[in-house]
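# Geometric and topological summary
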Amino acid sequence: MMNSPILNVTGLTMDFGGIRALNALDLDVYGGEIVALIGPNGAGKTTFFNCVTGIYMPTAGEVLLTSPKTGKSESLKGLKPNQVTEKGLARTFQNIRLFPKMTVLENVMIGRHCRTKAFILGAILRNRATREEEQSILETSYAILQKVGLEQYSNEFAENLPYGGQRRLEIARALATEPLLLLLDEPAAGMNPQETLELVELIKEISADGQAILLIEHDMKLVMSLSDRIFVMDYGKKIAQGTPAEIRENPAVIKAYLGED
Ligand code: ATP
């Protein structure tokens, strides 16, 4: 029997003027799972991420985050993005959002912001922290860079990383916040086949560490090979959920993607 889900979303609805981008969506993610959220362009996937991470205030619905360790549940609704991150939900973006003129290592250290005292981080960046403070944050951040295979670039400006490296750095920065759940918005977008293969390996490794992951992705091969469960959206509504094998055979999903009757 499974415990409570880490993320439990019920009735999530988002209206933009006359457009209902999300329509009473229910979705949950349990500890250790890789869950994919898929659907045709404009289905509402990114709007879903924006609503659960505090970028948009949903019109209706509830978003609960539960710590598997303590069993404590908290509502994320109405929180600001930084507060959502502090509660344990971290994300990457469809369009890469790094600090281009900071080093690769500093980008990860920024992710530590919500788990360390901000003034210590600021002091490190100005070379004014104590040795112990600096060591601890540097070591943690460097270990995360090693995890994503970017340690050799630690002193480069983020903008100088190859495209696939920038995407991995976004994941590293999100991991640095020690999330209960990691949200990845189209992590393979724009990657070449080799970078995509390496990304799949990285996501598997992160998952093997026990990290729960919810991802939006258009690359069906990636989705089918990685996911434990898949939620399918179309026009703001959930039209199917199930294992990759179930989703592949689902008539509503085939219709949404191929437009057939
Ligand atoms: P894609 O796969 O192309 O990224 P998506 O499934 O992520 O698409 P969304 O970007 O969430 O879809 O868009 C869902 C719907 O909501 C679309 O009709 C879009 O035009 C609309 N929408 C999204 N954000 C806004 C906004 N800020 N203002 C008005 N409409 C919006």
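Residues numbered from 1 in each chain as written. Predicted model: local features only at pLDDT ≥ 70, side-chain atom pairs only at ≥ 80, totals over all residues. Heavy atoms only, no water.

Going by what an unreviewed UniProt entry lists, the protein is known as ABC transporter ATP-binding protein and is assigned to Desulfomarina profundi.

Next up on the list: the overall build of the protein. Broken down by element type, the protein carries 10 helices and 10 strands. Taking 2.2 N^0.38 as the reference for a compact globule, 261 residues should give roughly 18 Å; the C-alpha atoms of the protein span a radius of gyration of 19 Å, in line with that estimate. Taken along the three principal axes of its C-alpha coordinates, the protein extends 65 × 40 × 40 Å. Across the 261 residues of the protein, 49% fall into the buried class. About 12600 Å² of surface is accessible on the protein, with carbon and sulfur atoms providing 50% of the total. Here the protein contributes 27 positive and 32 negative side-chain charges, whose respective centroids are spaced 6 Å apart. (Helix = DSSP H or I, 4+ residues; strand = E, 2+ residues; numbered from the N terminus. Rg over C-alpha atoms; globule rule 2.2 N^0.38 Å. Buried < 20%, exposed > 50% of the residue type's maximum accessible area, 1.4 Å probe, protein only. Areas by Shrake-Rupley, 256 points an atom, 1.4 Å probe, with all protein chains shown as cover. Lys, Arg positive; Asp, Glu negative; His and termini not counted. Charge placed at Lys NZ, Arg CZ, Asp CG, Glu CD.)

On to helix α6 (residues 163-175), then. For α6, built from 13 residues, the straight-helix expectation of 18 Å at 1.5 Å per residue is met to within 8% by its first-to-last C-alpha distance of 19 Å. Most of α6 is tucked away: 12 of the 13 residues are buried. What α6 keeps buried is the set G164, G165, Q166, R167, R168, L169, E170, I171, A172, R173, A174 and L175. (Expected span 1.5 Å × (residues − 1).)

Before going further, it helps to spend a moment on the nonpolar core. Grouped burial of nonpolar side chains is what soluble globular proteins tend to show. Core analysis: the largest hydrophobic core is formed by 42 residues, its most contacted members being L169, I171, I203, I213, L215, I230 and I247. Setting aside residues no more than four positions away along its own chain, I247 makes contact with I38, M224, I230, V232, A240, Q241, G242 and V253. (Core = buried A, V, L, I, M, F, W, Y, C linked by side-chain atoms within 4.5 Å. Contact = heavy atoms within 4.5 Å.)

The next thing to look at is the pairing of strand β9 (residues 229-234). Most of β9 is tucked away, with 6 of its 6 residues classed as buried. Along β9, one buried face is formed by R229, F231 and M233 and the opposite face, lined by I230, V232 and D234, is buried too. Looking at chain direction, strand β3 (residues 34-38) and β9 are connected through 4 bridges and run parallel. Residue pairing across strands places A36 opposite I230, the latter belonging to β9. (Pairing = 2+ DSSP bridges.)

Right, let's get into a nonpolar patch on the surface. Taken together, the side chains of F16, I19, I55 and Y56 present a nonpolar region at the surface, about 340 Å² in accessible area. Within the secondary structure layout, Y56 lies in the loop between α1 (45-52) and β4 (60-66). (Patch = residues over 30% accessible without salt bridge, like charges linked within 9 Å, V, L, I, M, F, W, Y side chains within 5 Å. Salt bridge = Lys/Arg side-chain N within 4 Å of Asp/Glu carboxyl O.)

This part takes up the site of the ligand. Around the ligand, the surrounding shell holds 14 residues, and the nearest of these are G42, K45, T46, T47 and H218. Measuring from a nitrogen atom of the ligand, one finds a side-chain N or O atom of Y56 at 3.1 Å. Considering each element in turn, the shell around the ligand owes the most residues, 3 residues, to α1. Looking at side-chain class alone, the shell around the ligand contains 5 nonpolar, 7 polar and 2 charged residues. (Near = heavy atom within 4 Å. Polar contact = N/O pair within 3.5 Å; in protein donor to acceptor, adjacent residues only side chain to side chain. Nonpolar A, V, L, I, M, F, W, Y, C, P; charged D, E, K, R; others polar.)

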